[in-house]
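A closer look at the structure
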Amino acid sequence: MYRPAYALLVGVAATMGVLAVTAALVLDRPLVDPEGFLGPSWLRLPLLVFGAFLLDLLPRTLYASKMKPALMPDIVRERIRTHWDRERIVLVVLGLVCFYITYVCYRNLKSFLPFIMGEDKYDRELHLVDRALMFGHEPATILHTIFGTGISAHFLSTIYLWFLPLVPLALAAWLVWSRNITFGYWFATSQCLAWSLGTASYYALPTLGPGFQYSYLYVDLPATGSSALMESLFYGRKGVIRDGAEGAVQSVAGFASLHVAITLLVALMVQYTLRNRVLHIIFWANFAITVVATLYFGWHYIADDLAGVVIALFAFWLGGLASGQKFDRRGLASHPTSTTSQVPVDVE
């Protein structure tokens, strides 16, 4: 039933794995499991899924049993029987493993970028494009004038950094709670595609980003979590390239913006697979604010963000086809063409 999604998920993860291992061997550099919130990827992703499993069972059990311990075991067994069946478990394990491999290889291939491509960068060209699009003005200067450099900077920084937990949380949510199994495959496949395409874009057009290359444009901004992260990445890059730091990754690459790609991908998934209008508004607003933040803080050029949009749309479309979605109304809606044993095909 899910053979195309299986093939695409495993194929993307395997390709990323082969590329990362080959690059590591050629460069004689180790593969690193990058840290994140809750620790390394191999730990935080299973922890998130286990946490989602508990979150699925505990509130439901406590509410349905009315806090009567004698009723709880039967309620738990019934939920596991009806929701945590073989199809769900395969989705969770396959999606988790493939995303883990893809993401870790993405981080390593991104770290290898300066060793493979050298120090030639295209920041000047993309900076000139920015100025041409803004009629001779700097996008960052325009945004600083419009939004100011006070409390708005802290707000934009918070939304920008929300991306870090959003990625694993959203993945866990669609793997565990997607009302149709195909939606879980759609999201996991699209995620892996987006990260792999982002990796390819780094090598196609290497850049550092305006915040690193033209830092004088951002000296008036206050200290925020975003500026602290940029400083950390600057020294992390220096440590890997100049100082030969072991067990670390350099994470500076501008084109394309995966913040834009992934937040758009999540917004599209919410729009197409959830029926809650409030959530639609929240995640579209999150995408729009993230786009502004990438330019405001100098993480990306305008071309980076546009490329991120293209990556998201392509990954979303191809992931949808692989998972059996049928796009309606000229692509503005969709419905699944395959089903699970419990959830029938739903055409609205």
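Chains are numbered independently. Their residues run from 1 in the order of the written sequence. The predicted origin of the model limits local features to residues at a pLDDT of at least 70 and limits the giving and counting of side-chain atom pairs to 80 or more, whereas totals for whole chains, interfaces and linings rest on all residues. Note that the side-chain values use all heavy atoms of the structure and ignore hydrogens as well as water.

The protein is annotated in an unreviewed UniProt entry as Phosphatase PAP2 family protein of Nocardioides renjunii.

Brief notes about the UniProt feature "transmembrane region" (unreviewed entry) in the protein
UniProt's feature table lists "transmembrane region" (unreviewed entry) at residues 7–27, 39–58, 89–109, 159–177, 184–205, 252–274, 281–300 and 306–324, given in the numbering used throughout. The distance separating the terminal C-alpha atoms of residues 281–300 is 24 Å; by composition the span is 80% helix and 0% strand. UniProt positions are given in the numbering used here, feature names are shortened, and annotations may be inferred rather than shown by experiment. The helix and strand labels rest on DSSP assignments: H or I over at least four residues marks a helix, E over at least two residues marks a strand, and numbering proceeds from the N terminus.

Side note on a nonpolar patch on the surface
Candidate patch residues must exceed 30% relative accessible area and have no salt bridge, after which like charges are joined if within 9 Å and Val, Leu, Ile, Met, Phe, Trp or Tyr side chains if within 5 Å. Here the accessible surface of atoms and residues is derived via Shrake-Rupley with a 1.4 Å probe, and residues count as covered only by protein chains that are part of the display. Only one rule defines a salt bridge in this text: a Lys or Arg side-chain nitrogen within 4 Å of an Asp or Glu carboxyl oxygen. On the surface, a nonpolar cluster with roughly 470 Å² of combined accessible area is contributed by Phe50, Leu54, Leu58, Leu62 and Met67. Checked against the element boundaries, Leu54 lands in helix 2 (residues 41–65).

As for empty space enclosed by the protein
Cavities and pockets were defined on a 1 Å grid built over protein atoms only: a cavity is a set of grid points that admits a 1.4 Å probe from which the probe cannot escape, a pocket is an open set flanked by protein on both sides within 12 Å along at least five of seven lines, and lining residues are those with an atom within 4 Å of any such point. Grid points are joined across faces, edges and corners, and a volume is the space filled by probe spheres set on the points. For the structure shown, the criterion picks out one cavity of 30 Å³ or more. Its boundaries defined by the atoms lining it, the largest cavity holds a volume of some 70 Å³. Residue polarity follows a fixed list, in which Ala, Val, Leu, Ile, Met, Phe, Trp, Tyr, Cys and Pro are nonpolar, Asp, Glu, Lys and Arg are charged, and the others, Gly among them, are polar. When grouped by side-chain class, the residues that make up the lining of the largest cavity number seven nonpolar, two polar and two charged.

A look at unusual backbone geometry
Residue Ala256 is reached from Phe255 by a cis peptide bond, and omega for that bond is 5°. Along the polypeptide, Ala256 turns up in the loop between helix 10 (225–241) and helix 11 (258–273). At Asp28, a position not held by glycine, the phi torsion is positive, near 60°. Mapped onto the fold, Asp28 is located in the loop between helix 1 (3–27) and strand 1 (35–36). Residue class for Asp28 comes out exposed when judged on its relative accessible area of 70%. Partly exposed describes any residue whose relative accessible area lies between the buried limit of under 20% and the exposed limit of over 50%, with all areas from a 1.4 Å probe on protein chains only and scaled to the type maximum.

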